[in-house]
Amino acid sequence: MKTTKMFVVMLACLLSGTACAQHKNQTKADKQGWHLSMQSYTFHLFSVMESLDKTQDLGIRFIEIYPGQKLGNGFGDDVFGYQLNDEQQKKLRQEAKKRNIRIVSSGVWVAEREEWESVFSFAKKMKMEFISAEPAREDWDVVEAMAKKYRINVATHNHPNENSYWKPEILLKNIGQRAPLLGACADVGHYKRMNIEPVSALKQLEGRIVSLHFKDIAPKGEAGTLEDVVWGTGVLNVKNMMQELKRQHFKGYFTIEYEADWENNLPQIKQSVDYFNQVVENIF
């Protein structure tokens with residue numbers, strides 16, 4: 001049996017060297033179903049093409065692109081969004097694939113009711129797994145219907161203002177009885193900015209977390225404004241959050257949204273990725 005299994009693996013490798021290389025390069029986190037992804041807003045001073053290059057430099061294989069970002073080289077003045085035609089969408093997917101990156105999501109979408117079908121149709125054509133979004137509370141019937149129609153998950157984001165889904169109770173009140181395709185994009189930094197402890201929020205959202213905007217933050221300046229810092233050096237207790245997600249058997253994307261040092265934040269992100277992988281080694 002062992003010989004047969006080894007033969008099958010070797011044959012698969014010969015037939016698909018790329019697939020074998022990817023399997024070999026899997027981190028321990030990947031093997032647990034935990035995937036680091038990049039939120040392109042981290043690079044909002046740059047184009048999508050430049051964001052893909054930076055993501056490749058980091059060794060990250062997944063990306064979430066925000067609506068309105070300039071596409072850059074080869075796309076003229078066009079920006080990322082559902083208005084892209086089929087040829088542009090194909091070209092964008094190809095550019096990502098050349099860098100060994102997959103566009104798994106887009107957002108954060110804040111759309112008008114009549115726009116949601118275009119958003120979901122675009123996500124489906126782009127072969128995304130989910131969108132991150134903050135739908136108006138009165139639009140959930142439409143959003144749920146579109147999620148079911150296109151089989152696209154919705155990760156509901158929580159901007160730090162009281163008009164959003166800033167605390168888990170608000171989100172659960174709106175989606176608790178709805179399709180499991182609807183869930184949370186838990187921005188752990190924004191929870192803290194609204195005086196909510198992230199670990200407590202994650203516990204409340206158990207079973208409904210689609211993805212995270214993962215980060216660490218710390219007070220800076222005289223005003224003590226909470227700003228992004230290298231993971232493990234701030235006030236969020238990254239390790240505790242990861243242990244809670246392990247307890248929940250979470251599988252999905254830890255989307256990096258590093259909102260600081262805008263002109264050159266790759267060194268800080270690299271340190272954060274190293275810390276993430278170190279914690280994974282310790283807790284699994």
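What you see is a predicted model, and the numbers here were worked out from it, not measured in a lab.

Asks: Can you break down the environment of N240 residue by residue, with the values?
Replies: Relative to the assigned elements, N240 resides in helix α11 (residues 238–247). On the basis of relative accessible area, N240 is assigned to the partly exposed category, the value being 36%. Separated by 39 residues in the primary sequence, N240 and V279 have C-alpha atoms spaced 9.8 Å apart.

Asks: Lay out the side chain of K215 in plain terms, naming residues and giving numbers.
Replies: Note that K215 resides in the loop between β7 (209–214) and β8 (216–220). Taking relative accessible area as the criterion, K215 reaches 1% and is therefore assigned buried. Within polar-contact distance, the side chain of K215 engages the side chain of D187 at 3.1 Å. If sequence neighbours within four positions are ignored, K215 has contacts with D187, V188, G189, H190, R193, D228, W231, L236, V238, M241, E257 and E259.

Asks: How would you sum up the sheet that holds strand β2 (residues 62–65)? Please name residues and give values.
Replies: The strands that make up a sheet are held in pairs by hydrogen bonds between backbone atoms, and each pair lies either parallel or antiparallel. Sheet architecture is closed into a barrel: eight strands sit in the order β1-β2-β3-β4-β5-β6-β7-β10, paired in parallel fashion. Pairs of neighbouring strands in the sheet enclose a mean axial angle of 30 degrees, with direction left out of account. As paired strands, β7 and strand β10 (residues 252–256) are joined by four bridges and run parallel to one another. Opposite L212, over in β10, you have F254 as the bridge partner.

Asks: Give a detailed account of the pattern of salt bridges, specifying residues and quantitative values.
Replies: Charged atoms that come close allow side chains of opposite charge to pair. Taken as a whole and judged by the stated rule, the model has 20 salt bridges. Between R178 and E144 there is a salt bridge, and its shortest N-O distance comes to 2.7 Å. Of this pair, R178 sits in the loop between α8 (168–175) and β6 (182–187) while E144 sits in helix α7 (residues 140–150), placing them 34 residues apart in sequence. Between K192 and E197 there is a salt bridge, and its shortest N-O distance comes to 2.6 Å. Taking relative accessible area as the criterion, E197 reaches 43% and is therefore assigned partly exposed.

Asks: I'd like a rundown of α8, residues and numbers included.
Replies: Within the sequence span of α8, burial applies to P168, I170, L171, N174 and I175. For α8, the arc enclosing every buried residue in end-on projection is 160 degrees, short of the 170-degree limit, so these residues lie on one face. Lining the buried residues of α8 we find α7, β5 (153–156), β6, α9 (188–193) and α10 (198–204).

Asks: Go over the packing of helix α6 (residues 116–125) against α7, please, and point to the residues and values.
Replies: Direction vectors running N to C along α6 and α7 enclose 25 degrees, while the axes themselves pass 10 Å from each other. When the axes of α6 and α7 are compared, the pair comes out roughly parallel. Handedness of the α6/α7 crossing: right-handed. Every residue of α7 that contacts α6 at W116, E117, F120, S121 and K124 is listed here: V142, V143, M146, A147, K149 and Y150.

Asks: So, the packing of aromatic side chains: which residues are in play, and what are the values?
Replies: All told, the structure shown has 16 aromatic pairs when counted by the stated rule. The interplanar angle of 75 degrees and the centroid separation of 5.2 Å between the aromatic rings of Y41 and Y66 together place this pair among those described as edge-to-face. With Y41 in the loop between β1 (34–39) and α4 (48–57) and Y66 in the loop between β2 and α5 (86–98), this residue pair connects regions lying 25 residues apart in the sequence. Residue Y41 is classed as partly exposed on the basis of its relative accessible area of 30%. With a relative accessible area of 15%, Y66 lands in the buried category. Ring geometry for W116 against F120: centres 6.3 Å apart, planes inclined by 55 degrees, an arrangement best described as tilted.

Asks: Explain the confidence of the model for the protein residue by residue, including any values.
Replies: For the protein, the average pLDDT comes to 93, and 92% of its residues sit at 70 or higher. Within the protein, β2 carries the highest mean pLDDT (99), whereas helix α1 (residues 2–15) carries the lowest (45). Long-range and interchain partners of residues 1–15, a stretch whose pLDDT sits below 50, account for two contacts in this model, where long-range means more than four residues apart.

Cut-offs and rules
- Residues numbered from 1 in each chain as written.
- Predicted model: local features only at pLDDT ≥ 70, side-chain atom pairs only at ≥ 80, totals over all residues.
- Heavy atoms only, no water.
- Helix = DSSP H or I, 4+ residues; strand = E, 2+ residues; numbered from the N terminus.
- Buried < 20%, exposed > 50% of the residue type's maximum accessible area, 1.4 Å probe, protein only.
- Polar contact = N/O pair within 3.5 Å; in protein donor to acceptor, adjacent residues only side chain to side chain.
- Contact = heavy atoms within 4.5 Å.
- Pairing = 2+ DSSP bridges.
- Axes fitted to C-alpha atoms, helices over the stretch in contact; angles between N-to-C directions.
- Salt bridge = Lys/Arg side-chain N within 4 Å of Asp/Glu carboxyl O.
- Arc of directions from axis to C-beta.
- Parallel < 35°, antiparallel > 145°, perpendicular 65-115°, else oblique.
- Left-handed = near helix turned anticlockwise from the far one by under 90°.
- Phe/Tyr/Trp six-rings, centres within 6.5 Å; stacked < 30°, edge-to-face > 60°.
- pLDDT = per-residue confidence, 0-100.

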